[in-house]
Amino acid sequence: MESEISSHNHSTPPLEEERGKGLLARFLDYVSYDTQSSEEAEGCPSTPKQLIFARHLAETLEEMGLEDVEMDEQGYIYATLPSNVPTDVPTVGFISHYDTSPDCSGADIRPRIVNNYDGGDIVLDAEEGIVSSPKMFPEMLDHIGEDLIVTDGHTLLGADDKAGIAEIVEAMAYLMEHPEIEHGRVRIAFNPDEEIGAGAHLFDVEKFGADWAYTMDGSEVGELEYENFNAASATIHIFGLNVHPGYAKGKMRNACRIAAEFADAMPASEVPECTEGYEGFYHLTGMKATVEEATLSYIIRDHDRQRFEERKAHVADIVAAFEERYGKGIVTADIRDQYYNMKQQLEGKEHIIDIARRAIEEAGMECKVKAIRGGTDGAQLSFKGLPCPNIFAGGLNFHGRHEFVPIQSMQKAMQTVVNICRIVAE
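Residues numbered from 1 in each chain as written. Predicted model: local features only at pLDDT ≥ 70, side-chain atom pairs only at ≥ 80, totals over all residues. Heavy atoms only, no water.

### Some details on the overall build of the protein chain
Now for step 1: Looking only at helices and strands, the protein chain has 10 helices and 17 strands in total.
Now for step 2: The C-alpha extent of the protein chain, read off along each of the three principal axes, is 85 × 55 × 40 Å.
Now for step 3: Per-residue burial over the protein chain gives 55% buried out of 426 residues.
Now for step 4: Of the contacts made within the protein chain by residues no fewer than 6 positions apart, 79% connect residues no fewer than 24 positions apart.
Now for step 5: Only carbon and sulfur atoms are counted for the fraction: they give 48% of the accessible area of the protein chain, which is about 18400 Å².
Now for step 6: Taking the average place of the 36 positive charges on the side chains of the protein chain and the average place of its 76 negative ones, the gap between the two points comes to 7 Å. (Helix = DSSP H or I, 4+ residues; strand = E, 2+ residues; numbered from the N terminus. Buried < 20%, exposed > 50% of the residue type's maximum accessible area, 1.4 Å probe, protein only. Contact = heavy atoms within 4.5 Å. Areas by Shrake-Rupley, 256 points an atom, 1.4 Å probe, with all protein chains shown as cover. Lys, Arg positive; Asp, Glu negative; His and termini not counted. Charge placed at Lys NZ, Arg CZ, Asp CG, Glu CD.)

### Remarks on the sheet that holds strand β9 (residues 212–218)
Hydrogen bonds along the backbone pair up the strands of a sheet, which may run parallel or antiparallel.
Now for step 1: Spatial ordering of the open sheet is given by β1-β2-β8-β3-β9-β16-β10-β15, a layout of 8 strands whose pairing is mixed. Because the sheet does not close on itself, it has two edges, and the strands there are β1 (67–71) and β15 (368–371). For this sheet, the mean inter-axis angle between neighbouring strands, taken without regard to orientation, is 25°.
Now for step 2: The pairing of β1 with strand β2 (residues 77–81) spans 3 bridges and is antiparallel. Looking at the pairing, M71 lines up with I77 of β2.
Now for step 3: Contacts from helix α2 (residues 49–64) reach β1, β2 and β8 (186–191) within the one sheet, and its direction differs from that of β1 by about 170°.
Now for step 4: Taken strand by strand, helix α3 (residues 159–177) contacts β2, β3 (92–97), β8, β9 and β16 (390–392), and its axis lies near 145° from that of β3. (Pairing = 2+ DSSP bridges. Axes fitted to C-alpha atoms, helices over the stretch in contact; angles between N-to-C directions.)

### A closer look at the pattern of salt bridges
Now for step 1: The tally for this structure, following the rule as stated, stands at 20 salt bridges.
Now for step 2: Between D334 and R336 there is a salt bridge, and its shortest N-O distance comes to 3.1 Å.
Now for step 3: Judged by relative accessible area, which is 29%, D334 ranks as partly exposed.
Now for step 4: Accessibility expressed as a relative area gives 53% for R336, which makes it exposed.
Now for step 5: A salt bridge links R422 to E426; the shortest N-O distance between them is 3.4 Å.
Now for step 6: Assessed through its relative accessible area of 16%, R422 is described here as buried. (Salt bridge = Lys/Arg side-chain N within 4 Å of Asp/Glu carboxyl O.)

### Comments concerning the pairing of β3
It is a general feature of regular strands that their side chains alternate between the two faces of the sheet.
Now for step 1: Counting buried positions over the 6 residues of β3 gives 6, a clear majority of the element.
Now for step 2: Along β3, one buried face is formed by V92, F94 and S96 and the opposite face, lined by G93, I95 and H97, is buried too.
Now for step 3: In the sheet, β3 pairs with β8 via 6 bridges, with the strands oriented parallel. Counted as the bridge partner of H97 is N191 from β8.

### Quick look at the packing of aromatic side chains
Now for step 1: By the definition in use, this model includes 14 aromatic pairs.
Now for step 2: Residue placement shows K162 over the ring face of F53; its charged tip is 5.3 Å from the ring centre. (Phe/Tyr/Trp six-rings, centres within 6.5 Å; stacked < 30°, edge-to-face > 60°. Lys NZ or Arg CZ within 6 Å of the ring centre and 35° of its normal.)

Encoded structure:
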C-alpha cells in the first residue's frame, strides 16, 4: 500500500509532513477494528466488539499523556488536554463516534490509497467489476489531484467517523508537541452507537464539563452545520384476520393488503428520493407482513418544527381514516420523537458558530454553512445543555462500499481543531 503524502499549504501553525503521516497512520489503525453497531441489539454498546476498539483508543490517549482519561462500562471515553495559559479560558470540547453503520459490513476493511487522483473511475475490485465512478459520484471530481483513501469494494471504509477521531487525537498530539500555541482546557470524548441514534443517550454532559463542543462528524471539506432535521419514528401496526382462502369471503382481513393501502395513502412525492435541501419527508424504512399481521416502519423528518408537528399529525389522521374503514384497533400507530433541530439551542450563542467559521477559513477553506439532512449526536447533546454544532471530517459516500476520504481533507479538519483551540484562547 502506498502511503506517501505530498506537502500542502496550511495557515499558521503549519502541519509538518510527518504530522500528516501520523494522522494517516492513526486512521488506518482505527479502521482495522470492526465496530459496526446493531439496531437489533439491546444494551449499550449495541455490539461488544465496539468495546475492543474503545479500550485500544483509551490506552492510546493515556500513552499520549492526556489527563483524566476515563472509559465507562458502556464505552464512553473522556479525556482532557490541560490549559497552557494562566487566564480563565472557556473549555471547548470535540466529540466523535467510533461505531460504523449497520448498513454495510465493517469487518476486515482493506483500505487503499489512490495517490494524485486523476478524475477517472477507481476500480475497487476488478474481478467483480466494482467501480467508483464520478458519473455516479460527481463529488469525486472535487478532489482531483488529492490522495483518496478508498475501500476494496466489499466493506464500508469507516471514515464515518474514525476520520473524526483521528483528526481530534492527532490535533491533541500536535498541541502537546507545540506548547507555543496557546489554548485553554480542551475536553475530548468518543462514543458508541451514534449510527443507531443512541450515541448521546448515555453521554455524561456534566462529567464532560465543556462550555460548548463540536462533533467532528460532517462530510465535505469546509462544511459547518448547526441545523438538522426534527426527527420522529412511526411504527404502524395492522392486525388482520386469517381464514382459509377457499372460505374467506366476508371474513378474511388481509393485513398485507391493508399495509399496501396504507403505504399508498402516504404522500408519494414527500419521500427522500424526491426531496432535497430544507424539504422534509416520510421514509418507509421497513415492512413485515403476513395475512394475520403487518408492521410498517417510517421515519418522519422536517427542519421546520411546526411542519414537523403537522407531519406527525398527518400520519395520525391517516391511521384514524383506516380505523374508520376497518374498525377500531385494526390499524394503530406508535409515533415517537427522536431528536430536534439544534438551531434553536444555539440562538444567542453565535460566538460558537463564528469561532468555527474563522477556524475553517484560517485553515485555507471556504466555510460552507449547510443544513444537515439528518441528525448528529450534537443535536441531542445540544438539548442536553451542551451546544454542539457539527464540523466536517472529510469523508464522502458514507455507509457503503464507495465511501472514501481525501487525506488532504483530514489534514484540514485536524488544522481546524487546532485553530479552534487557539482562537478560543484569544
